[in-house]
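Examining the three-dimensional arrangement
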Amino acid sequence: MARLLVSLLFLYIGYRIVKALFAKKSGREPVPAPPAAEDTVQDPICGVYIAKEDAVVGTLEGTRHYFCSMDCLEKFRDRLDHTPSSNSGGTA
Ligand SMILES: [Zn+2]
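Residues numbered from 1 in each chain as written. Predicted model: local features only at pLDDT ≥ 70, side-chain atom pairs only at ≥ 80, totals over all residues. Heavy atoms only, no water.

**Section: the coordination of the zinc ion**
With distances of 2.0 to 2.3 Å, the protein atoms coordinating the zinc ion are D43 (OD), C46 (SG), C68 (SG) and C72 (SG). For the zinc ion, the 4 donor atoms in the first shell make angles of 97 to 121 degrees at the metal, so the coordination geometry reads as tetrahedral. The sequence pattern formed by the donor residues of the zinc ion is D-x2-C-x21-C-x3-C. A residue pair is termed long-range when its members are at least 10 positions apart, and C46 in the loop between β1 (40–42) and β2 (49–51) and C68 in the loop between β4 (63–67) and α2 (70–82) qualify at 22 residues. The exposure class assigned to C68 is partly exposed, which follows from its relative accessible area of 33%. (Donors = N, O, S within 2.8 Å, 3.2 Å for Na, K, Ca; no water. Tetrahedral: all angles 85-135°; square planar, octahedral: opposite > 155°, others 65-115°. Helix = DSSP H or I, 4+ residues; strand = E, 2+ residues; numbered from the N terminus. Buried < 20%, exposed > 50% of the residue type's maximum accessible area, 1.4 Å probe, protein only.)

Structure (structure tokens):
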């Protein structure tokens, strides 16, 4: 009997989590998120992982980029200035 209750509880919790996830997904912005990490993004400059909420967002050439700080954003802009649009990205 108790076991049944516990499994029901787990089902309920799972249901709540799934519901919360879906609620998050249908947010305000229709930005297509990468399938792997939804809440964490990698700073292309220093390679650090940051929560999207805390990241500095820079929109460059129509693409959104996330940085740990304004410093990295400026470095990224600098790089774009110096390298003529041949970008062999280093995503691992
Ligand atoms: Zn950084």
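So that's the structure; there's more coming.
**Considerations on the packing of aromatic side chains**
One pass over the full model with this rule turns up 1 aromatic pair. With 5.1 Å between their ring centres and 55 degrees between their planes, F67 and F76 make a pair best called tilted. F76 shares its class with F67; the two are buried. (Phe/Tyr/Trp six-rings, centres within 6.5 Å; stacked < 30°, edge-to-face > 60°.)

**Some words on the nonpolar core**
One finds I45, V56, L60, F67, C72, L73 and F76 forming the largest nonpolar core, which totals 7 residues. For this core, the elements supplying multiple residues, two or more each, are β3 (56–60) and α2. Residue contacts for L60: discarding those within four places in its chain leaves H65, F76, R77 and L80. (Core = buried A, V, L, I, M, F, W, Y, C linked by side-chain atoms within 4.5 Å. Contact = heavy atoms within 4.5 Å.)

**Let's talk about the confidence of the model for the protein chain**
A residue-level look at the protein chain finds 73% of positions with pLDDT of 70 or above and a mean pLDDT of 82. Here helix α1 (residues 2–25) stands out as the least confident element of the protein chain, with mean pLDDT 88; β2 is the most confident, with 94. (pLDDT = per-residue confidence, 0-100.)

**Quick word on unusual backbone geometry**
Positive phi values are uncommon outside glycine, yet E61 reaches one of about 55 degrees. On the secondary structure map, E61 appears in the loop between β3 and β4.

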